[in-house]
Amino acid sequence: MSPARARHGHEYDRIFGAYRATRGTDPRIAAQVARALGDAPSVLNVGAGTGSYEPDDRSVVALEPSWNMLAQRPAGAAPAVQGVAEALPFRDGSFHAVMGILTMHHWRDWRRGMAEVRRVARRVVLLVSDQDVWEGFWLGTDYVPALFELDRARFVSIPDIVSALGGSMRVETVPVPRDCVDGFTGAFWARPEAYLEPGVRTGMSTFRLLPPEQTAGGLRRLADDLASGEWDRRFGRLRELDTIDLGYRLVIADLQD
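For clarity, every value in this text was computed on a predicted model and none was experimentally measured.

## Some remarks on the pattern of salt bridges
Considering all chains together, one arrives at 17 salt bridges under this definition. With a shortest N-O distance of 2.7 Å, Asp179 and Arg28 are connected by a salt bridge. With Asp179 in the loop between β7 (176-177) and α9 (198-201) and Arg28 in helix α2 (residues 27-37), this residue pair connects regions lying 151 residues apart in the sequence. Taking the relative accessible area as the measure of exposure, Arg28 reaches 38% and is therefore partly exposed. A single salt-bridge network, built from bridges that share partners, covers Asp26, Arg28 and Asp179.

## Structural notes on the nonpolar core
Within the largest apolar cluster, 50 residues are counted, with the highest numbers of intra-cluster contacts made by Phe137, Trp138, Trp189, Tyr195 and Tyr248. Elements supplying a minimum of two residues to this core: α2, β4 (97-101), β5 (123-129), α6 (138-143), α7 (146-154), α11 (216-228), α12 (230-235) and β9 (248-254). Contacts of Phe137, omitting those with residues within four sequence positions, involve Phe148, Thr185, Gly186, Trp189, Tyr195 and Leu246.

## Comments concerning the pairing of β5
Taking burial as the measure, the 7 residues of β5 include 7 buried ones, the bulk of the element. Of the two faces of β5, the one lined by Arg123, Val125, Leu127 and Ser129 and the one lined by Val124, Leu126 and Val128 are each fully buried. Direction of pairing for β4 relative to β5: parallel, over a ladder of 5 bridges. Paired with Ala97 across the bridge in β5 is Arg123. In this fold, the crossover linking β4 to β5 by way of helix α4 (residues 110-120) has right-handed handedness. By the bridge criterion, 7 bridges tie β5 to β9 in an arrangement that is antiparallel. Bridge pairing in β9 places Leu126 opposite Val251.

## Notes on the layout of surface pockets
Empty space within the largest pocket amounts to approximately 220 Å³. Lining the largest pocket are 15 residues, and of these Thr50, Gly51, Glu54, Pro74 and Ala77 lie nearest its centre. In the lining of the largest pocket, the residues fall into 5 nonpolar, 6 polar and 4 charged.

## Comments concerning the pairing of strand β2 (residues 59-64)
Each regular strand carries side chains that alternate between the two faces of the sheet. Counting buried residues along β2, 5 of its 6 residues qualify, which places the element largely inside the surrounding structure. Bridge count between strand β1 (residues 42-46) and β2: 5 bridges; the pairing is parallel. Opposite Val43, over in β2, you have Val60 as the bridge partner. Direction of pairing for β2 relative to strand β3 (residues 80-82): parallel, over a ladder of 3 bridges. Across the sheet, Ala62 pairs through a bridge with Ala80, a residue of β3.

Cut-offs and rules
Residues numbered from 1 in each chain as written. Predicted model: local features only at pLDDT ≥ 70, side-chain atom pairs only at ≥ 80, totals over all residues. Heavy atoms only, no water. Salt bridge = Lys/Arg side-chain N within 4 Å of Asp/Glu carboxyl O. Helix = DSSP H or I, 4+ residues; strand = E, 2+ residues; numbered from the N terminus. Buried < 20%, exposed > 50% of the residue type's maximum accessible area, 1.4 Å probe, protein only. Core = buried A, V, L, I, M, F, W, Y, C linked by side-chain atoms within 4.5 Å. Contact = heavy atoms within 4.5 Å. Pairing = 2+ DSSP bridges. Right-handed = clockwise from strand over helix to strand, strands pointing away. 1 Å grid on protein atoms, 1.4 Å probe; cavity = no way out; pocket = protein on both sides within 12 Å on 5 of 7 lines; lining within 4 Å. Points joined across faces, edges and corners; volume = space filled by probe spheres on them. Nonpolar A, V, L, I, M, F, W, Y, C, P; charged D, E, K, R; others polar.

Rendered as structure tokens:
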């Protein structure tokens with residue numbers, strides 16, 4: 001294993017433990033990803049994790065830096081290769097499409113990663129986050145502001161992604177369902193009690209990367225506000241919504257030669 005791969009693997013293995021316990025495939029998000037992939041018969045899933053959102057109706061190869069994640073891929077999942085986005089171990093034009101689901105903020109050099117996905121495929125589908133919208137989320141505005149500070153340092157802006165990819169481009173809003181199956185950071189926007197469960201937070205890189213002293217106070221305030229009814233007084237209307245826009249976006253690019 002190259003030093004670059006070893007560094008990435010160590011980081012992912014440190015952050016995530018029993019990832020599959022809370023991170024599943026939400027069927028509504030999966031359907032949107034599948035539509036974005038179109039009729040591409042072969043797909044590379046970069047930063048594939050445990051295999052969420054990999055379509056089962058076409059040829060898929062997964063690429064993932066963490067041996068921990070690779071070990072948690074279920075039986076029957078697509079074949080997987082250990083590696084990083086910045087150095088894809090595939091020939092030019094090996095795939096019809098590349099997909100990446102909430103992975104770019106883990107890349108060490110996103111520009112190199114972009115060049116690599118452009119090299120191996122002509123269609124790119126990335127689930128990313130719009131920081132401006134994300135920073136309206138009550139979890140950060142009222143309880144754990146450090147999560148916004150962390151994400152500012154690691155999220156790539158959508159205009160920068162669009163500029164780096166080029167080609168024919170569209171950006172789609174990905175609404176987060178109230179009962180979202182995939183436990184990413186924004187998934188529990190109408191189920192605030194979930195953020196108090198350590199097992200739920202285990203699947204969120206935000207809470208795994210932030211030191212406890214930056215989250216503990218906010219989580220205590222959240223627990224107090226839920227117990228007193230203050231959270232419901234201020235945000236209880238969210239429990240009645242079916243979906244919400246928290247800034248999750250699909251960037252879909254058909255690239256030029």
